[in-house]
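Observations on the three-dimensional arrangement
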Amino acid sequence: MGRLDGKAALITAAAGGIAGASARRFAAEGAAVLVCDIDMDGAERTVGDIAAAGGTARARHCDVADPESAAAAVEAAVAAFGAVHVLMNGAAIREPTGNVVELDLADWERAMRVNLTGIFLMCKYAIPRIVDAGGGSVINVASQLGSVVVPDRPAYVTSKAAVIQLSKSMALDFAKANVRVNSLSPGATETGRLLAHYGTMEAVRRALTPLHPIGRLGRPEDLADAALYLASDESAFVTGHDLIVDGGYTAV
C-alpha cells in the first residue's frame, strides 16, 4: 500500500530537479500526478518515467505567473483525476546576481512574479479544490536562503523569505478547512539550476560542499523524501512549518 494511495497531486516545475523527483516519488507511492511546467518536453519526460514505473501521470503546460494558466492547470487536475489533494509549488527562477543598485527592476519584478506571485496564484485556485476534496496538503518550495542570505541575491532571498511567511499565513487561514500548508527549504541541491552559475557539477561541488557540514550537496531524492512526508498523512499534525533540508547549512 502506497503512502499516497487515492490522492491526486499537482506539481509545478516538475520537468526536472526537485519537483520532478517529487513527482516520480509521489506516483511511486500511489498518487496520480499532474506534471506541470513551461517546459513541455521535460514534463513529458517526467510523465514517461512515471508511466514506465507503473504510475499515473499527465503533463500540462503551466505558467504559474499567468492567472489564467494557473487556474486552468488546477481545473485540468480535477478533470483528469476527480480531485486535488496535494499541491506542490516548485517553480522558481534564478535572477541575475547584483545588489539592489545593480539589479534591473525588470529582473526584480520577474523574480517576484514567478517565485512568489506564482505560488499565490496556484494556491488561490487550488486550495478551494483541496477543500472540496476534504482537505489535503500544500507544499511550497522555499530555500535555506529564505532564512539566511548571501551577497548579491536580493530578489531571490527576499522572494524565498516571503514564501515562508506566505505559507504560515495560509496555514492559519485554512487550518479549520483541513488544509495543511508548509514550506520546504532545500540547501544547495545537485540540479541543473546550479550549472547556470558554476558551469559544471564538479565546480558546484567544489564551491558549495564546504558550506554544508554533512559533507555533500543535496540530491533531488533527498528533497522528494521530505516532500513525500509533507504530502502524506504522516505529517497530519504539521502545518505552518518550514522544513529545512540543507545538510546543516543554516546550523553554521
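Note: the structure precedes this text.
What comes next is a walk through the structure.

Rules used in this analysis
- Residues numbered from 1 in each chain as written.
- Predicted model: local features only at pLDDT ≥ 70, side-chain atom pairs only at ≥ 80, totals over all residues.
- Heavy atoms only, no water.
- Helix = DSSP H or I, 4+ residues; strand = E, 2+ residues; numbered from the N terminus.
- Buried < 20%, exposed > 50% of the residue type's maximum accessible area, 1.4 Å probe, protein only.
- Areas by Shrake-Rupley, 256 points an atom, 1.4 Å probe, with all protein chains shown as cover.
- Lys, Arg positive; Asp, Glu negative; His and termini not counted.
- Charge placed at Lys NZ, Arg CZ, Asp CG, Glu CD.
- Contact = heavy atoms within 4.5 Å.
- Salt bridge = Lys/Arg side-chain N within 4 Å of Asp/Glu carboxyl O.
- Core = buried A, V, L, I, M, F, W, Y, C linked by side-chain atoms within 4.5 Å.
- Pairing = 2+ DSSP bridges.
- Right-handed = clockwise from strand over helix to strand, strands pointing away.
- Axes fitted to C-alpha atoms, helices over the stretch in contact; angles between N-to-C directions.

Here we take up the overall build of the chain. Across its full length, the chain carries 8 helices and 7 strands. Dimensions of the chain, computed from the C-alpha atoms along their principal axes, are close to 45 × 35 × 35 Å. Counting all 252 residues of the chain, 51% fall into the buried class. Summed over its atoms, the accessible surface of the chain is roughly 11,100 Å², and 54% of this surface lies on carbon and sulfur atoms. Averaging the locations of the 22 positively and 28 negatively charged side chains of the chain gives two centres separated by 3 Å.

Within the secondary structure layout, Ser185 lies in strand β6 (residues 179–186). Overall, Ser185 belongs to the buried group, its relative accessible area being 0%. Dropping the residues within four chain positions of it, Ser185 is found in contact with Ala142, Ser143, Gln144, Ile164, Asp242, Leu243, Ile244 and Val245.

Below, the discussion takes up the pattern of salt bridges. Two side chains with opposite charge may pair up if their charged atoms get near one another. Taken as a whole and judged by the stated rule, the model has 10 salt bridges. Taking the shortest distance from any N to any O, the salt bridge between Arg153 and Glu95 comes out at 3.2 Å. Here the residue Arg153 occupies a position in the loop between β5 (136–141) and α5 (154–174), and Glu95 occupies one in the loop between β4 (86–89) and α4 (105–132), the gap between them amounting to 58 residues. Take Arg153 and Glu95: they sit in the same class, and that class is buried. Asp222 is the salt-bridge partner of Arg216, the closest N and O atoms lying 2.8 Å from each other. Each of the salt bridges in this network shares a partner with another, and the network as a whole consists of Arg25, Glu29 and Asp225.

This next bit is on the nonpolar core. Among the nonpolar cores identified, the biggest contains 66 residues, and Leu10, Phe26, Val33, Val35, Met88 and Leu184 are the most heavily contacted of them. For Val33, the residues in contact, after removing those within four places along its chain, are Ala9, Ile11, Ala23, Phe26, Ala27, Thr56, Ala57, Arg58 and Phe81. Core analysis: the second largest hydrophobic core is formed by 6 residues, Ala188, Leu194, Val204 and Leu208 among them.

Checked against the element boundaries, Lys160 lands in helix α5. Here Lys160 occupies a buried position and makes no salt bridge, while the nearest side chain of opposite charge, Glu95, is found at 9.4 Å. Apart from the residues lying within four places of it in its own chain, the contact partners of Lys160 are Ala92, Val141, Ala142, Ser143 and Gly146.

Before going further, it helps to spend a moment on the pairing of strand β1 (residues 8–12). When you tally the buried positions in β1, you get 5 out of 5 residues, the bulk of the element. Pairing analysis gives 5 bridges linking β1 to strand β2 (residues 32–37), with the strands arranged parallel. Of the residues in β2, the one forming a bridge with Leu10 is Leu34. Note that the unit made of β1, helix α1 (residues 17–28) and β2 has a crossover that is right-handed. Pairing analysis gives 3 bridges linking β1 to β4, with the strands arranged parallel. When the bridges of β4 are listed, Ile11 appears paired with Met88.

Attention now moves to the sheet that holds strand β3 (residues 56–61). One key point about sheets: their strands pair by backbone hydrogen bonds, in either a parallel or an antiparallel sense. With parallel pairing, 7 strands are arranged side by side in an open sheet as β3-β2-β1-β4-β5-β6-β7. Strands with a single pairing partner mark the edges of an open sheet, and in this sheet they are β3 and β7 (242–245). Here the average twist between neighbouring strands, direction ignored, is 20°. Bridge count between β2 and β3: 6 bridges; the pairing is parallel. Opposite Leu34, over in β3, you have Arg58 as the bridge partner. Sheet strands touched by α5: β5, β6 and β7. Its angle to β6, the strand with the most contacts, is close to 165°.

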